[in-house]
Amino acid sequence: MFVMKFGGTSVAKTESVAAIKELVQRGLAKQPILVVSALSGITDLLVKLSSSVLENEQENLFGLIFAKHDDWIQRIFVDDEVSKEAAFSVVNGYLSELRQLLHGHSFINQLQLHDSIASFGERMSS
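Here's what I pulled together on the structure shown here. These figures come from a predicted structure and were not determined experimentally. (Residues numbered from 1 in each chain as written. Predicted model: local features only at pLDDT ≥ 70, side-chain atom pairs only at ≥ 80, totals over all residues. Heavy atoms only, no water.)

Helix H4 (residues 81-103) packs onto helix H3 (residues 55-76) with a crossing angle of 160° between their chain directions and a minimal axis gap of 10 Å. Put simply, H3 runs roughly antiparallel to H4. For the pair H3 and H4, the sense of crossing is right-handed. Of the residues in H4, those touching H3 at Gln58, Glu59, Phe62, Ile65, Phe66, His69, Asp70, Ile73 and Gln74 are Lys84, Ala87, Phe88, Val91, Asn92, Leu95, Leu98, Arg99, Leu102 and His103. (Axes fitted to C-alpha atoms, helices over the stretch in contact; angles between N-to-C directions. Helix = DSSP H or I, 4+ residues; strand = E, 2+ residues; numbered from the N terminus. Parallel < 35°, antiparallel > 145°, perpendicular 65-115°, else oblique. Left-handed = near helix turned anticlockwise from the far one by under 90°. Contact = heavy atoms within 4.5 Å.)

Take a look at the structure:
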């Protein structure tokens, strides 16, 4: 098993993605398993979202989360519209799932909701 973990400073800047891409491409023959952290600042936004009860505050947080991912997608896939659209589709899918979780959480307790919401950072980053 070949695991490649990228977190913290590895995903803090979009310029780092080029280095990650090169490392992964060099290791493709080993069929790596990639593990990535959430983009910088996303976990904090998700934690705020998990405790927010005001709809306008939630919408603002969703906007900030999308904006950070939008910036990354725009920079990473500058010349690749197909990959850019695919990445937007994935992020939007996760944001939709996150909205459903946030608004339909009556069946789980607050701690479970918090943990579930916090996990979306890594999911969107990957």
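Once you've had a look at it, read on.
Applying the stated criterion across every chain yields a total of two aromatic pairs. Relative to Phe120, the ring of Tyr94 has its centre 6.2 Å away and its plane inclined at 85°; by these criteria the two rings are edge-to-face. With a gap of 26 residues between them, Tyr94 in helix H4 and Phe120 in helix H6 (residues 120-125) connect regions that are remote in the sequence. Across from the ring centre of Phe2, 4.7 Å away, lies the NZ or CZ of Lys30, which sits over that ring. Lying across the ring of Phe120, Arg123 places its NZ or CZ 4.4 Å from the centre. (Phe/Tyr/Trp six-rings, centres within 6.5 Å; stacked < 30°, edge-to-face > 60°. Lys NZ or Arg CZ within 6 Å of the ring centre and 35° of its normal.)

By size, the foremost hydrophobic cluster in this structure holds 28 residues, and its most contacted members are Ile42, Leu46, Leu49, Ile65, Leu95, Leu98 and Ile117. Those elements that place two or more of their residues in this core are strand E1 (3-6), helix H1 (15-27), helix H2 (42-51), H3, H4, helix H5 (110-118) and H6. Looking at this core element by element, the count peaks at seven residues for H4. With residues near it in sequence (within four places) discarded, Leu49 still touches Gln58, Leu61, Phe62, Ile65, Leu98, Leu102 and Ile117. (Core = buried A, V, L, I, M, F, W, Y, C linked by side-chain atoms within 4.5 Å. Buried < 20%, exposed > 50% of the residue type's maximum accessible area, 1.4 Å probe, protein only.)

Let us now look at the pattern of salt bridges. Following the criterion strictly, the structure yields five salt bridges and no others. Note that Arg75 and Asp71 form a salt bridge whose closest N and O atoms lie 3.0 Å from each other. Of this pair, Arg75 and Asp71 are both found in helix H3, four residues apart, which corresponds to roughly one turn of the helix. Look at Arg75 and you get partly exposed, because its relative accessible area is 45%. Given the relative accessible area of 33%, Asp71 is considered partly exposed. Among the salt bridges present, the one from Lys84 reaches Glu81, with a minimum N-O distance of 3.1 Å. Taken together, the positions of Lys84 and Glu81, both in helix H4 and three residues apart, correspond to about one turn of that helix. Overall, Lys84 belongs to the buried group, its relative accessible area being 8%. (Salt bridge = Lys/Arg side-chain N within 4 Å of Asp/Glu carboxyl O.)

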